[in-house]
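An overview of the molecular structure
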Amino acid sequence: MSVPLTLLGLLEREPSHGYDLKRDYDAYFGRGKPLRYSQVYATLTRLARDGKAIAGRAEQGAGPERRRYVITDAGIADVERWLSEPAPPEPDLQSELFAKVVLALLLDRPAGRYLDLQRAAHLQRMRELTELKRHDDPLDVLLADHAVYRLEADLRWIDHTAARLDLLAPAVRR
Amino acid sequence: MSDSTPAAAAGQAVSQAVPASPPEKIVEARRLVKSFGQTSALRGASLGVRPGEILAVMGPSGSGKSTLLHCLAGILTPEEGEVWFGGQRLDTLSDDRRSELRRDRFGFVFQSGQLVPELTAQENVALPLLLAGTRRGPAMTEARKWFATLGLDGLEQRRSGELSGGQAQRVALARGLVAGPEVLFADEPTGSLDSVSSELVMNLLTAAAREHGTTVVLVTHEARIAAYADREVIVRDGTVSTLTGAQP
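Each value, and the rule that gives it
- The residue numbering used here restarts from 1 in each chain and proceeds along that chain's sequence as written.
- The lettering of chains begins at A and the numbering of ligands begins at 1, in the order of writing.
- It should be noted that, the model being predicted, local features are given only for residues of pLDDT at least 70 and side-chain atom pairs only at 80 or more, the latter also being counted only at that level, while totals for whole chains, interfaces and linings use all residues.
- Segments assigned H or I by DSSP are reported as helices when at least four residues long, segments assigned E as strands when at least two residues long, and all are numbered from the N terminus.
- Using C-beta atoms placed from the backbone, we call a residue buried if 20 or more other C-beta atoms fall within 10 Å of its own, exposed if 12 or fewer do, and partly exposed for counts in between.
- In this description, any two residues whose backbone-derived C-beta atoms lie within 7 Å of each other are considered to be in contact.
- Under the convention adopted here, Pro, Cys and the residues Ala, Val, Leu, Ile, Met, Phe, Trp and Tyr are nonpolar, Asp, Glu, Lys and Arg are charged, and Gly plus all remaining residues are polar.
- Where each domain begins and ends follows an automated or database-derived domain assignment.
- When DSSP finds two or more bridges between two strands, those strands count as paired.
- All axes are obtained by fitting lines to C-alpha atoms, using only the stretch in contact for helices, and the reported angles, taken between N-to-C directions, cover 0 to 180 degrees.

Describing unusual backbone geometry
Leaving glycine out, the prevailing phi sign among residues is negative, and the prevailing peptide bond configuration is trans. Residues and elements named next belong to chain B. Positive phi values are uncommon outside glycine, yet R31 reaches one of about 50 degrees. Of note, R31 is situated in strand β1 (residues 27-36). Positive phi, normally seen in glycine, also occurs at E188, with a value near 50 degrees. Its 20 C-beta neighbours within 10 Å are what place E188 among the buried residues.

Next up, the structure:
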């Protein structure tokens, strides 16, 4: 999963401090693996350098220096592109699928369309693996089967999620 | 919709005189609408299948995918829209004419084989030929050939109660293919089978279809089964999703 694009997606909702972005990232996507502050600020600095976000002036307060970040049009375009592209269908994709669906719902982007594109990409990969099984040796077939069943698990999740988007949207935007 | 009205007969005559279905599609549904009482099953479903193509029709339970297959196969007639087969309008044909088409040019495989329990496996396979008027001897000989092809040697005289689920489904597949149909309609053909038997049936189905150039319309809710097809479409709320290339 791309941390920079995920932070950029969270930033698209409203101008935010690094602290807010870290808090929201951890709540939605951290799942026991919170981002380090240093990683958040390093990422935001890179995004600002690359023209994807603009850093506001430093705000003095009791704690450490705080800056508010604002996403740019180029940053929004990156988020848009990322959310509309299916990820390469490989095992262990769950975090990226999850992040894209949650962000699409948060940003009121077409999550159903993303899921359809991802389903098509998964099915195409399953077709390739099924074709492979016709020719190759038993060990290759065994490996292909493993990949097919894992893709199938993703597809079940995709179908299940697609059927519940109306219910999920308000829950995600709570 | 009644099939025996003068209007239907006129429609039939016109459709035969001016075939309008593009030749690259052997089967086509155009904006089908079909309801069962208050329940709307199809709401403008469109779909085209190329000759020799194996197409998977996917979708959740109740999405309308089986209704779509039944309309394409002339088992049901839509209230609105058109069904074309080989350049011929199918939905306006009479019941008798559609029955003939189903018998002579289509094959069917359903979820639970639906073999005739009183007949032997070989007689079950020969049934479409016998119904089409082939004499018993040649029909049984032709049926016999499929037992070797589908790994069913030695099971010819068994009745359906004496076959495993996978064997019964392979007999059903042989019955669906024995008359050399142009299109095989398969509705969840592996729905009642375990994964190993499912794989065997799908390998045999796709190999036989490709060898004989048979077009296959395969309804399934399982991605692993759909992966045997050349292409898939998704039926959702009675319409066919265009995101996965529904229009060939």
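There is more to say, and it comes next.
So, the interface of chain A and chain B
Note on interface size: it is often stated as the accessible area lost on association of the parts. Listed as interface residues are 13 residues of chain A and, on the opposing side, 10 residues of chain B. The set of elements that each furnish at least two residues to the side of chain A that touches chain B consists of α6 (111-135) and α7 (138-162) of chain A. Looking at which element gives the most residues to the side of chain A that touches chain B, the answer is α6 of chain A, with 8 residues. In terms of residue class, the side of chain A that touches chain B is made up of 7 nonpolar, 1 polar and 5 charged.

Some thoughts on the domain arrangement of chain A
Residues and elements named next belong to chain A. When the domains of chain A are assigned, the result is domain 1 (1-83) and domain 2 (85-174). For domain 1 and domain 2, the distance between their C-alpha centroids amounts to 27 Å. Tallying the contact residues gives 10 residues for domain 1 and 12 residues for domain 2. Listing elements by their share of the side of domain 1 that touches domain 2, those giving two or more residues are α1 (3-13), α2 (18-30) and α4 (73-84). At 4 residues, α1 tops the list of elements feeding residues into the side of domain 1 that touches domain 2.

Focus: the sheet that holds strand β4 (residues 80-85) of chain B
Residue and element names in this part refer to chain B. In space, the 4 strands of this open sheet follow the order β2-β1-β4-β5, with antiparallel pairing throughout. Two strands in the sheet have a free side with no partner beyond their single neighbour: β2 (39-49) and β5 (88-89). Running over the sheet, helix α2 (residues 65-72) touches β1, β2 and β4 and is turned about 120 degrees from β1.

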